[in-house]
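Residues per chain are reported as follows:
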Amino acid sequence: MFRNIVLTVFSLFFYAWGEPVWLALLIFSSALDYLNGRFIDRHKGKKRAVLGVVMSCVVNLGILCVFKYSGMIVSGLNMILPVKLPVPDFHMPIGISFYTFQSITYVVDVYRGKARVQKNYFYYLMYLSMFFQLVAGPIVRYSTVSQEIERRSVKVSEFNCGLTRLIFGLGKKVLIANSMGQLASQFLAFDKAPSSVLAAWAGVLMYSLQIYYDFSGYSDMAIGIALLLGFRFPKNFDAPYKSATITEFWRRWHISLSSWLRDYLYISLGGNRKGKVRTY
């Protein structure tokens, strides 16, 4: 209990340090889906339970769309219609995509019976706000860490493994990703064309390495810190540049996101069998 309180306080402080304005939005999302989970659990087996899922998806995805796409939509309307609507200029809340997807995952899994409802709001807030994966993932399903939220321990071997993972992740980010980014910016400067075809390809290569080691490094740091604290997060990258096909690359790159899209979007729409939504 005490460890969870400390982790929650430090996580909220961490988020408020970088995004004080939108801390309230994170707390709102956690309270909304905590209540949705309790509603679904209270009406388990009844048709009205689906209202909790609908509420979660509509509100969370609506908020996400407002921040990500409202400016583009209003700009498009101004171009098409004879109007001059003010274009929203929202500052994107840090980590909103990750905690939105995690929150929806919890509600859907409670509805499907794949996760037990969390009756302690502060435990759920801790799950949604854990600082080491809030900003850049991986997307961690509630069922993966539900037992560790209630009761966890740290073994010496896992502590060593976590520390090693953290150091390697930090090295990927600082030593490789940042260096590749500086080189890529020299080859692919926005204000001038590359000096040659070889320079353009070199810039593309450097940029692709920067993107990979940025995401992979952040994921490794998150997984490493989680192990230090007694949480066991799933692997998020599996050497994607070794893939032989685009499909294999998708499975290896940002595994938590691709599996989320598969399990909560693709399969929900019918998968290979299609579904009522995709039929029409």
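Rules of the game
- Residues numbered from 1 in each chain as written.
- Predicted model: local features only at pLDDT ≥ 70, side-chain atom pairs only at ≥ 80, totals over all residues.
- Heavy atoms only, no water.
- Helix = DSSP H or I, 4+ residues; strand = E, 2+ residues; numbered from the N terminus.
- Buried < 20%, exposed > 50% of the residue type's maximum accessible area, 1.4 Å probe, protein only.
- Contact = heavy atoms within 4.5 Å.
- Lys, Arg positive; Asp, Glu negative; His and termini not counted.
- Charge placed at Lys NZ, Arg CZ, Asp CG, Glu CD.
- Axes fitted to C-alpha atoms, helices over the stretch in contact; angles between N-to-C directions.
- Parallel < 35°, antiparallel > 145°, perpendicular 65-115°, else oblique.
- Left-handed = near helix turned anticlockwise from the far one by under 90°.
- Nonpolar A, V, L, I, M, F, W, Y, C, P; charged D, E, K, R; others polar.
- Salt bridge = Lys/Arg side-chain N within 4 Å of Asp/Glu carboxyl O.
- Core = buried A, V, L, I, M, F, W, Y, C linked by side-chain atoms within 4.5 Å.
- Phe/Tyr/Trp six-rings, centres within 6.5 Å; stacked < 30°, edge-to-face > 60°.
- pLDDT = per-residue confidence, 0-100.

## Re the overall build of the protein chain
Phase 1 of the analysis: Each helix and strand counted, the protein chain has twelve helices and zero strands in total.
Phase 2 of the analysis: For the protein chain, the sequential pattern of α-helices and β-strands runs α-α-α-α-α-α-α-α-α-α-α-α.
Phase 3 of the analysis: Looking at the protein chain residue by residue over its 280 residues, the buried ones come to 43%.
Phase 4 of the analysis: Across the protein chain, the fraction of contacts at a sequence separation of at least 24, relative to all contacts at a separation of at least 6, is 69%.
Phase 5 of the analysis: Averaging the positions of the 31 positive and the 14 negative side-chain charges in the protein chain gives two centres separated by 9 Å.

## Examining the side chain of glutamate 148
Phase 1 of the analysis: Mapped onto the elements of the fold, glutamate 148 is located in helix H7 (residues 142-150).
Phase 2 of the analysis: In contact with glutamate 148, other than residues within four places in its own chain, are Gly230, Phe231 and Arg232.

## Let's talk about the environment of proline 88
Phase 1 of the analysis: When you line up the elements, proline 88 lands in the loop between helix H3 (50-80) and helix H4 (96-112).
Phase 2 of the analysis: Judged by relative accessible area, proline 88 falls into the partly exposed class, the value being 27%.
Phase 3 of the analysis: C-alpha of proline 88 to C-alpha of methionine 72: the two residues are 16 residues apart in sequence and 8.8 Å apart in space.
Phase 4 of the analysis: Filtering out sequence-adjacent residues up to four positions away, proline 88 remains in contact with Ser70, Gly71 and Val74.

## Structural notes on the environment of asparagine 120
Phase 1 of the analysis: Mapped onto the fold, asparagine 120 is located in the loop between H4 and helix H5 (121-129).
Phase 2 of the analysis: For asparagine 120, a relative accessible area of 24% gives the class partly exposed.
Phase 3 of the analysis: Spatially, the C-alpha atoms of asparagine 120 and glutamate 150 are 10.0 Å apart, while their sequence positions differ by 30 residues.

## Focus on the packing of H5 against H7
Phase 1 of the analysis: Contact geometry for H5 and H7: axes closest at 11 Å, N-to-C directions at 125°. In terms of orientation, H5 and H7 fall into the oblique class. Pair H5 / H7 crosses with right-handed handedness. Residues Tyr123, Met126 and Tyr127 of H5 pack against Tyr142, Val145, Ile149 and Glu150 of H7.
Phase 2 of the analysis: For the contact of H5 with H7, the per-class residue count stands at six nonpolar, no polar and one charged.

## Considering the pattern of salt bridges
Think of it this way: side chains of opposite charge can pair up when their charged atoms draw near.
Phase 1 of the analysis: Summed over the entire model, instances satisfying the criterion amount to eleven salt bridges.
Phase 2 of the analysis: Arginine 232 is the partner of glutamate 158 in a salt bridge, and the nearest nitrogen-oxygen pair spans 2.7 Å. On the criterion of sequence distance, the pair formed by glutamate 158 in helix H8 (residues 156-187) and arginine 232 in the loop between helix H9 (197-228) and helix H10 (246-252) is long-range, its members being 74 residues apart.
Phase 3 of the analysis: A salt bridge links arginine 262 to aspartate 263, with the nearest nitrogen and oxygen atoms 2.8 Å apart.
Phase 4 of the analysis: Accessibility expressed as a relative area gives 43% for arginine 262, which makes it partly exposed.
Phase 5 of the analysis: Of the residues examined, aspartate 263 reaches a relative accessible area of 15% and is grouped as buried.
Phase 6 of the analysis: Salt bridges sharing common partners tie together Lys235, Asp238, Glu248 and Arg252.

## Describing the nonpolar core
Soluble globular proteins tend to bury their nonpolar side chains together.
Phase 1 of the analysis: Residues Phe231 and Phe233 are the most contacted members of the largest nonpolar core, which totals 46 residues.
Phase 2 of the analysis: Top contributing element to this core by residue count: H4, with nine residues.
Phase 3 of the analysis: The contacts of phenylalanine 231, once residues within four sequence positions are left out, are Leu7, Met126, Met130, Phe132, Val145, Glu148, Ile149, Arg152 and Ala226.

## With respect to helix H11 (residues 255-266)
Phase 1 of the analysis: Listed as buried for H11 are Ser256, Ser258, Ser259, Trp260, Asp263 and Tyr264.
Phase 2 of the analysis: On its buried face, H11 is in contact with H4 and H10.

## Let's talk about the packing of aromatic side chains
Phase 1 of the analysis: Taken as a whole and judged by the stated rule, the model has 24 aromatic pairs.
Phase 2 of the analysis: Between phenylalanine 132 and phenylalanine 233, the aromatic rings sit 5.8 Å apart at their centres with planes inclined by 35°, giving tilted as the arrangement. In this pair, phenylalanine 132 is assigned in helix H6 (residues 131-134) and phenylalanine 233 in the loop between H9 and H10, connecting sequence segments 101 residues apart.
Phase 3 of the analysis: For phenylalanine 132, a relative accessible area of 8% translates into the label buried.

## Some thoughts on the confidence of the model for the protein chain
Close reading of the predicted structure is inappropriate where its pLDDT is low.
Phase 1 of the analysis: Put simply, the protein chain has an average pLDDT of 86, and 93% of its residues get 70 or more.
Phase 2 of the analysis: Per-residue pLDDT, averaged within each element of the protein chain, yields its smallest value for helix H12 (residues 276-279) (48) and its largest for helix H2 (residues 23-42) (94).

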